[in-house]
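The primary structure of each chain is shown beneath.
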Amino acid sequence: MSAIADAPAAIKKNYLTALKEALFEEMERNPNMLCQGEDIGILGGAFGVTEGLQAKYGEARVVDMPISEACIVGSAVGMALNGKTVMAEMQFMDFISCGFDQIVNMMATYHYRTAGEVNIPVVVRGPAGAYGGGALYHSQMNEAWFCNSPGLRVVCPSTPSDAKGLLKAALRDGNPCVFFEIKELYRKREIEEVLPEGDYIVPLGKAAIRRTGTDITFVSYGQNVYHCLAAADELQKHGVSAEVIDIRSLVPLDEETIFTSLAKTNRLIVVNEAPMTCGFAGEIVSRVSEKAFDLLDAPPVRITRLDTPVPWSKPLELFVLPSVEKIVNAALKTVRF
Amino acid sequence: MSQSTGAATAEKAHVVIEPNLASRPQDLLTPEDRLEIFRQLYLARYFDVRLIKEKRRGKLRGTLYSSHNQEAVLVGSLFGLKPNDWISPIHRDMPAFFLKDMRGGWRRSDRMGMSIEEVCAQVWGKIDSPGRARDNWSHIGSRAKHIIHSTSMLAGTIPVAAGVVYADRLDGGDAVALTFNGEGSTAQGIFHEAINYAAVRKLPMVTIIENNQWAYGTPVHLEVPTADVADRARGFGIPGFIADGQDVFDVYDKVMQAIEYARSGQGPSIVECKTFRAYGHGDHDDDRANKYRSPEEVEHGRARDPIAVCRKRLIELGILTGEEASLYQAEGKNAVEATDEDFPKEVVQYLNEGIDFALASDIPSAEEGAMWVFKENA
Ligand SMILES: Cc1ncc(C[n+]2csc(CCOP(=O)(O)OP(=O)(O)O)c2C)c(N)n1
Ligand SMILES: [Mg+2]
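Parameters and conventions
- Residues numbered from 1 in each chain as written.
- Chains lettered and ligands numbered in written order.
- Predicted model: local features only at pLDDT ≥ 70, side-chain atom pairs only at ≥ 80, totals over all residues.
- Heavy atoms only, no water.
- Pairing = 2+ DSSP bridges.
- Helix = DSSP H or I, 4+ residues; strand = E, 2+ residues; numbered from the N terminus.
- Axes fitted to C-alpha atoms, helices over the stretch in contact; angles between N-to-C directions.
- Contact = heavy atoms within 4.5 Å.
- Near = heavy atom within 4 Å.
- Polar contact = N/O pair within 3.5 Å; in protein donor to acceptor, adjacent residues only side chain to side chain.
- Areas by Shrake-Rupley, 256 points an atom, 1.4 Å probe, with all protein chains shown as cover.
- Core = buried A, V, L, I, M, F, W, Y, C linked by side-chain atoms within 4.5 Å.
- Buried < 20%, exposed > 50% of the residue type's maximum accessible area, 1.4 Å probe, protein only.
- pLDDT = per-residue confidence, 0-100.

Visitor: Residue-level account of the sheet that holds strand S4 (residues 85–89) of chain A, with values.
Guide: Residue and element names in this part refer to chain A. Reading across the sheet, the seven strands line up as S3-S2-S4-S5-S7-S6-S12 and stay open at both edges, with mixed pairing between neighbours. Every other strand in the sheet has two partners, leaving strand S3 (62–64) and strand S12 (249–251) as the edge strands with one partner each. Ignoring strand direction, the axes of neighbouring strands in this sheet form an average angle of 20°.

Visitor: Kindly report on the sheet that holds strand S6 (residues 240–244) of chain B, identifying the contributing residues and their values.
Guide: Residue and element names in this part refer to chain B. Read across the open sheet, the five strands follow the order S1-S2-S3-S7-S6; overall the sheet is parallel. In the strand order of this sheet, the two ends are held by strand S1 (86–88) and S6, each with one partner. Sheet twist, expressed as the average angle between the axes of neighbouring strands with direction ignored, equals 20°. Across the sheet, helix H7 (residues 189–200) lies against strand S3 (205–211) and strand S7 (269–274), angled at about 145° from S3, the strand it touches most.

Visitor: Kindly report on the site of ligand 1, identifying the contributing residues and their values.
Guide: Residue and element names in this part refer to chain B. Surrounding ligand 1, one finds 14 residues, the nearest of these being His91, Arg92, Ser152, Gly184 and Trp214. One of the side-chain N or O atoms of Arg92 is found 2.7 Å from an oxygen atom in ligand 1. The contact in question runs from an oxygen atom of ligand 1 to an N or O atom on the side chain of Glu183, over 3.0 Å. For ligand 1, whose unbound accessible area comes to 590 Å², protein coverage reaches 73%.

Visitor: How would you summarise the nonpolar core if you had to cite specific residues and measurements?
Guide: Counting 120 residues, the largest nonpolar core has Ile103, Ile247 and Ile258 of chain A as the members making the most contacts within it. The element contributing the most residues to this core is helix H4 (residues 69–81) of chain A, with nine residues. Core analysis: the next-biggest nonpolar cluster, separate from the first, contains 75 residues, Val75, Phe79, Trp106 and Phe241 of chain B among them.

Visitor: An account of the confidence of the model for chain B is requested, with residue identities and associated values reported.
Guide: Residue and element names in this part refer to chain B. Per-residue confidence for chain B averages 94 on the pLDDT scale, and 94% of its residues sit at or above 70. Taken as a whole, residues 1–13 scores under 50 in pLDDT and shows 36 contacts with residues more than four places along the chain or in a different chain. For this predicted complex, the interface confidence comes out at an ipTM of 0.95, alongside a pTM of 0.95.

Below, the structure is given as structure tokens:
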């Protein structure tokens, strides 16, 4: 139709651009919002997520912080106590450990210990995840630490439109949030997409079904969603139909979508690049075992990183991480159980 | 480190950047102000004495962290604050919650400080505590009254205080944040991160160090390598003041200089108040403290009771005269020795009202334990 032909071609955008748009739009919408982190102003961020932000909103609202993760979080909490909403960037989520106390003891507990007097709209966000040769200290997925600290939202988007919509939702939620971005997805061409128009959010606590299937359910988040999708393609050749659920938000968790899927497939594999012991994959399996045991026809499976750090050397890195092959093999075993 | 708590040490006051002050802040205090300061010292002391008595009578749960012998640090620091200023007290500073913004009337309805009722309800673990007894002892606060809610994590509220005043400045405010910290807590990484940040951004934050010579069972020379904790300021390029923590007026002078420096946009500073912890770290530690500290050390450290030092000054100034000058001899007495007769009547009555209120208040219902983990969004 001519109307479509005349319209400018909808532009596909990458995950990083989507995040950047979320920050620009929220800074515009909320004059009480600040951004702070290491190298986020003059430089525009190590990866460029905040590029142009300081030029537009000024040095007072887009703040270059000393290399002090605990102080980046703690001062953000103070600003929130005094009426602000703050995006606090970790240059890499691996370094979040240096701000750990301020996150779990100061920020996460604030609403609770003040019996609701104070709420802390602070989003601590930054790049995470392996598969890029980042080695031990630029590859971690340490989301489980924060899921184990009551009072924090924990979010991890896998697509550009979710990255934007979830970040905007997190910034408006009023609760502190630890927001895991997947740096390997920042500029990945294959996942670029046309973002929804106008102001939109993706609500926290709603999972997305990325592919429908009938024989087995893969539950995942972050870049492992793409491993699951590739495995589902592969399994199709074996006559196995896999459903892929991207939970997107760990806390709160959308259990319903998982249970509904299992009612159909009766088989569960959880895929997550964090180490296995006490990881979030185990949490999902536990909830299914407790609340939906009857739905299972086979033992649930976790495919995670081995309980090791993430090594630098490529073959070593791939050896310890979940892969399409590992998922396919586990799925074939599970459907034949 | 010597145990000196006297003015001799204060003479060494090291100031990296000399503030431009024509006169001593205390010279501007009226006789009424000085008498009020004297009364507040009694109030802080009586609070301490009375809680220890209540605990011994089995009427209280939880550990008490005494501020006995350190009251001048609290009263002298808080007296010159404006109502809108923020404070961040720690475990040793329980009286700070009600001392804030007390000048001009303890019962003023618009006070930017907690009422004695709220504080007592917290001590007794009752529902009328500002934190509904969700955390213990000094772990309360009030956004409305500009009191930052402390946690157990030593020095953990310093970055929060810095963030609070950053936001205030952004909104065009002129508030100053006063954080209280033990000398032991200056060994925490966050202490250095937060003051470094405040110095870089010239934030109006004053870090009070209550150097009571001991951090639980560790003496100050094993916590801090410099003779004066205030010397830390040098590395941040900010002023470091030293106050005689037994002399409420000297504390007032130094803290007021720091506050004016902060308010005028010049940045943060550190005020070290030299004092001495009278008892054990908490009341659970009293017996052991008698083993790890010699009687001579304790006697020396308590030789200059802040109430006595203040009384002497008021007599010198002719503010306390005749019979009045020897009324209420609480100085030097601990909780066993002191009686209500050692304290001004209004002090005893004020606390009685707080305690009566606390005793009448309910304990929270069990299910509150699961509430307020998240702010609920409609
Ligand atoms: C981060 C942290 N580590 C340890 C403790 C346990 N602790 C509580 S008070 C204290 C001593 C504090 O000494 P100081 O800072 O000098 O304060 P003071 O008690 O002498 O007033 C210790 C070790 C704590 N509360 N927080
Ligand atoms: Mg101490």
